[in-house]
Amino acid sequence: MNRPHPPAEPADHTDVGAYALGVLDAADAARFEEHLAGCDRCAAELDGLLGLAPMLAGLADDGTGAPPSEATLAPTPSRRVLSGLLGEVAATRRRGRRRRLALVAAAAALIVGGPLATLAVTGGEPRPPRQTASPAEQMYDSGGRKHTAVDPVTKVTAGVTMTDRPWGTSVALRLGNVKGPLSCSLIAVGKDGERQTVTTWAVPYDGYGIKGGTTKWSRQPLYTNGGAALHRADIDRFEIRTLNGERLAAVDV
């Protein structure tokens, strides 16, 4: 005598789709609801699948020529169970959002208050920002022989370095103890007397390279650079002059 088999137990995590479409019988649906009560994974999946029923209702056909109603395909969980499950899903998502916002806020604090945050973590003193030398200063410092002079009248100090180039000579200038306002030029003077302007610049009122200057910039020398079509071996000296012709310094090379 064949005994009737009891209804199959719902398989964990696998009956979400069947439950969402309402194809589980009453006993299986009840068992699955009990499973849902303790399974966040299935509850979250169910929340995402609830929108499938209306779409499938519009595509399915039961052979009568008319699509089945949405109620036919919609899930039929009890109102109490569904309300509780969706509430849990919403609470879980809210907790996740709060955690993400906390992480974003912490990251923003580190970005905006980077130096202070680093100080708090390391317990050290903040380091002053390192000033990067200008290209002209780097060129002067890395150049070879430096030709320098102090004008006996103006007391302006000047130094030049030269580098041979296929087109002529590149020149870097270091200038100090000069006050403005002035507009100046560096002039290369050839051994044959030819004169070529290497570069021009302006000196502000506070000047450059002034010992005891009132501002940080006035205490620093001026570095500038340029080029002359004369070859290095053909240059006799450099002159620093104002644009109206007044000589500030000369450097023999």
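Residues numbered from 1 in each chain as written. Predicted model: local features only at pLDDT ≥ 70, side-chain atom pairs only at ≥ 80, totals over all residues. Heavy atoms only, no water.

Visitor: Outline the pairing of strand S6 (residues 222-228), supporting the account with residue identities and numerical values.
Guide: Counted residue by residue, S6 has five buried out of seven residues, so it is predominantly covered. Pairing between strand S3 (residues 168-176) and S6: seven bridges, direction antiparallel. Its bridge partner lying in S6, Ser170 is registered against Gly227. (Buried < 20%, exposed > 50% of the residue type's maximum accessible area, 1.4 Å probe, protein only. Helix = DSSP H or I, 4+ residues; strand = E, 2+ residues; numbered from the N terminus. Pairing = 2+ DSSP bridges.)

Visitor: Please provide a residue-by-residue account of the sheet that holds S6, values included.
Guide: Ordered by their spatial adjacency, four strands build an open sheet running S1-S2-S3-S6, and the pairing between neighbours is antiparallel. Of all the strands in the sheet, just strand S1 (147-150) and S6 have a single pairing partner and so form its edges. Geometrically, the sheet is characterised by an average inter-axis angle of 20° between neighbouring strands, direction not taken into account. Contacting S1, strand S2 (157-165), S3 and S6, helix H8 (residues 135-142) runs over the sheet at an angle of about 105° to S3. (Axes fitted to C-alpha atoms, helices over the stretch in contact; angles between N-to-C directions. Contact = heavy atoms within 4.5 Å.)

Visitor: Please set out unusual backbone geometry residue by residue, giving values where relevant.
Guide: Residues other than glycine predominantly adopt negative phi, and peptide bonds predominantly adopt the trans conformation. Cis geometry marks the peptide bond from Gly180 to Pro181, where omega comes out at 0°. With respect to the helices and strands, Pro181 occurs in the loop between S3 and strand S4 (182-190). Here Lys155, not a glycine, exhibits a phi torsion of approximately 65°, which is positive. Topologically, Lys155 is positioned in the loop between S1 and S2. By relative accessible area, Lys155 is classed as partly exposed at 46%. The phi dihedral of Asn177 is positive, around 55°, even though this residue is not glycine. Relative to the helices and strands, Asn177 resides in the loop between S3 and S4. Here Asn177 falls in the partly exposed class, since its relative accessible area comes to 33%.

Visitor: Residues and numbers for the environment of Met162, please.
Guide: With respect to the element layout, Met162 can be found in strand S2. For the pair formed by Met162 and Gly144, sequence separation is 18 residues and the distance between their alpha carbons is 7.3 Å. Ignoring anything within four residues of it in the chain, the contact list for Met162 reads His147, Thr169, Ser170, Val171, Arg232, Ile235, Phe238 and Val253.

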